[in-house]
Structures are given as structure tokens and as C-alpha cells.
Amino acid sequence: MRANSIIAYTEQVAGEIASRHADDPVAELEIWLKLAHQREAMVTQLYELSELDRRLTGEHACAVRGLIRSVVLSIWAHESSHTRQLATLRGSSKAGAALAELQGSMEGWVTRQATQGSSLARLLIAIGASLGQAPDFARELRQLSLLELMAFHAELETTARMGYQRILQLLSNLDGARLDGARLDGCPPDVVAEYGLTFRYDMARILCEENFHEAAFQEMMRWLQDEGRASALSAPACAQALHQLCAQHLSVGALRGVTAAELPGLEAHLPADTLGHEWVSDGGLGSVFQSAGLPVPLLEGAR
């Protein structure tokens, strides 16, 4: 699989969606929510198909690889929670029809971009095509080395980040239209309220979680690259590195930074970061950190 091929495809898809719905940000928002839901559901299947236990147990088992196993399984469970949350949002037949049309029109482009007939490159990962449409996919996924698998998942997390960033950009545009009293394509300017009172906050938090997951996979890639060469590589040190990444991406301060950049105005409604280190989420790794004896300073009501 060519490096960054999935990211390049996602960028192409994003441009196509934006072009087709330049005058209808509500429809574009609904499509991106549909894509996010399909992607989250697909990622949970990918973790199962990759046969992680086979790669990280037996003769190759060690403390650091055991930590990788715990981290990946915890991220898998966390992505499942994203799937359930997105499933509760309002469905849209309009988004479903537009998604099917977009997927069909892009298949030729993806196939042309594929390298050596790779089913991984051809698979419409970025917009959540069914795994059943790629019968060779599971076999090729299992043939990846552990380092290649971590790189593959890091790239998927990058595409997730890109999608949620676009969702927040669209919400910002819709909020601006609402303040201007505009009506968009026959829809009332408060249409986003139908998704619930905490919708904007939830999308910003999930973006922060995807930022953390992306950084976590990139960090685990470094462990595998150093394995056998860096005598200082230890499970406690690796867990500490992930803990620092969680604080970097999932503190109240980090969430404020994301909302200020992507959805100005929302940061004024976020919890006050009175102690300077509270987390809005543990990124799914709370039990991993606790097992390593590291604090998990979640805000009350956070997870």
C-alpha cells in the first residue's frame, strides 16, 4: 500500500463533496456525519480482522508489545462508542442517496490510484465501503507487518480527523448564517439544533479524541522502529509517553484550542480549566493508564 494513499483519496472525496454542495452546507454536513458513522463502524471491524492477538502473543510477546495490544484494543472499544453515538443522530435519506452517488463516481479514480492492484489501496476506506465488497481485503490486511499495520491505522485516524474538522467548519458556517438570519436552501438557520443541545461540543470532543488516537498510533510506530535497538525502551516509559499525548490532546485547554480554531464561540461555553490539567476524555485508555499507575484526571461527567 502506498503511504498516504488513503489520505490523498480522502482529500479528493472532500473536494468532490464540497464542490457538489457548495450552496447547501446542511446537506454537506449530513453527508459528513453519514461518512463518519460508516467509517467508525468499519474501523471496529478492521481491528478484529487484523488478528492482533496472533501478532502480539507467543514467541514475539514482550512487555512493550503487550502494551501495544492493550492500547489498540482500548482504542477499538472507544471507536465503538463513537459508532453508537453517531448512530443516535438524525438519519437522512438525502445524505444516503448523495453518498451512494458519490461512491459510485469515485470508484474509477480510486482504482486508477491503486498501486499494483492493492485491495487496501482500492478499498473505499475514507467513505466507509462495505468490507464485504473486497473479498481479498482481510487476507492482505493480515499480511501487513505489525509496523505496517500501525501505519495503516494511523492513516485512518488522520482521515477521521480530517472529516471531523470539516464537520466543525460546516457548523461554524451554519452558525454564521444563523446569526445573519439567513435561510439555507429552504432550511431554517437553526436546523443543526435538531441534532441535540450538546452536538457541537460532542463533535469537538470526538475530534480531540481522533487527534489523540492518531498521535498514539504514530507513537507506537516509533516503539516498533526502535525495538531491538533502543535499550531504554520499556513499557512504563511507553505508557508515560501515551499519557503525555493524552494530556496534550484531551485536556480542557486542548479542547478550547480546537474549538477556537474550528468553531469560534463555542469555547466560551466549555468547562473552566481551573486546575490546568483536567481531561475531557481519556481517549479510551483510562484502564491502561491506571494499570501503569498513572493518574487519569477526568472532569466530572467525562469519560
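Thresholds, definitions, all that
Residues numbered from 1 in each chain as written. Predicted model: local features only at pLDDT ≥ 70, side-chain atom pairs only at ≥ 80, totals over all residues. Heavy atoms only, no water. Helix = DSSP H or I, 4+ residues; strand = E, 2+ residues; numbered from the N terminus. Buried < 20%, exposed > 50% of the residue type's maximum accessible area, 1.4 Å probe, protein only. Contact = heavy atoms within 4.5 Å. Areas by Shrake-Rupley, 256 points an atom, 1.4 Å probe, with all protein chains shown as cover. Salt bridge = Lys/Arg side-chain N within 4 Å of Asp/Glu carboxyl O. Polar contact = N/O pair within 3.5 Å; in protein donor to acceptor, adjacent residues only side chain to side chain. Axes fitted to C-alpha atoms, helices over the stretch in contact; angles between N-to-C directions. Parallel < 35°, antiparallel > 145°, perpendicular 65-115°, else oblique. Left-handed = near helix turned anticlockwise from the far one by under 90°. Nonpolar A, V, L, I, M, F, W, Y, C, P; charged D, E, K, R; others polar. Core = buried A, V, L, I, M, F, W, Y, C linked by side-chain atoms within 4.5 Å. pLDDT = per-residue confidence, 0-100. Expected span 1.5 Å × (residues − 1).

Student: Just checking my understanding: could you explain the overall build of the chain for this structure?
Tutor: Each helix and strand counted, the chain has twelve helices and zero strands in total. Out of the 303 residues belonging to the chain, those deemed buried represent 51%. In the chain, of all internal contacts separated by at least 6 residues, the share reaching a separation of at least 24 is 77%. Accessible area of the chain: about 13,400 Å², with a carbon and sulfur share of 50%.

Student: Please clarify how the environment of Gln-218 should be interpreted in this entry.
Tutor: Positionally, Gln-218 belongs in helix H9 (residues 199-226). Its relative accessible area of 34% is what places Gln-218 among the partly exposed residues. Linking Gln-218 and Ala-154, residues 64 residues apart in sequence, is a C-alpha distance of 6.1 Å.

Student: Could you clarify how one ought to interpret the pattern of salt bridges in this entry?
Tutor: In the structure shown here, the tally under the stated rule is five salt bridges. A salt bridge links Glu-214 to Arg-161, with the nearest nitrogen and oxygen atoms 2.8 Å apart. Here Arg-161 lies in helix H8 (residues 146-179) and Glu-214 lies in helix H9, a separation of 53 residues in the sequence. Look at Glu-214 and you get buried, because its relative accessible area is 10%. Taken together, the salt bridges that share partners define one network made up of Asp-202, Arg-205 and Glu-209.

Student: Looking at this structure, how should I read the side chain of Thr-259?
Tutor: Position of Thr-259 among the secondary structure elements: in helix H11 (residues 252-262). A polar contact is formed between the side chain of Thr-259 and the backbone oxygen of Arg-256, at a distance of 2.9 Å.

Student: Would you mind going over the packing of H9 against helix H10 (residues 235-250) with me for this structure?
Tutor: With their axes 9 Å apart at the nearest point, H9 and H10 run at an angle of 155 degrees to one another. Here H9 lies roughly antiparallel to H10, going by the angle between them. Along this stretch, H9 crosses H10, giving a crossing that reads as right-handed. Residues Cys-208, Glu-209, Asn-211, Phe-212, Ala-215, Ala-216, Glu-219 and Trp-223 of H9 pack against Cys-238, Ala-241, Leu-242, Leu-245, Cys-246, His-249 and Leu-250 of H10. Among the residues forming the contact of H9 with H10, the class breakdown is eleven nonpolar, two polar and two charged.

Student: So what exactly am I meant to see when it comes to the nonpolar core here?
Tutor: Nonpolar side chains tend to gather and get buried jointly when the protein is soluble and globular. If you look at the biggest cluster of nonpolar residues, it comprises 69 residues, and the most contacted ones within it are Ile-68, Met-150 and Met-203. Examining the composition of this core, we find that 14 residues originate from one element, H9, more than from any other. Among residues more than four places away in sequence, those in contact with Ile-68 are Leu-56, Met-150, Met-220, Trp-223 and Leu-224.

Student: Can you walk me through the confidence of the model for the chain in this structure?
Tutor: Predicted coordinates in areas of low pLDDT are best not read in detail. Residues at a pLDDT of 70 or more form 67% of the chain, whose mean pLDDT is 76. pLDDT under 50 marks residues 106-135. Its contacts with residues more than four places away, or in other chains, come to 62 contacts.

Student: Could you clarify how one ought to interpret H9 in this entry?
Tutor: Because each turn of an α-helix spans 3.6 residues, side chains separated by three or four positions end up pointing in the same direction. With 28 residues, H9 ought to run about 40 Å at 1.5 Å a step, and its terminal C-alpha atoms sit 41 Å apart, in line with that. Within H9, 23 of the 28 residues are buried, which leaves the element mostly enclosed by the surrounding structure.

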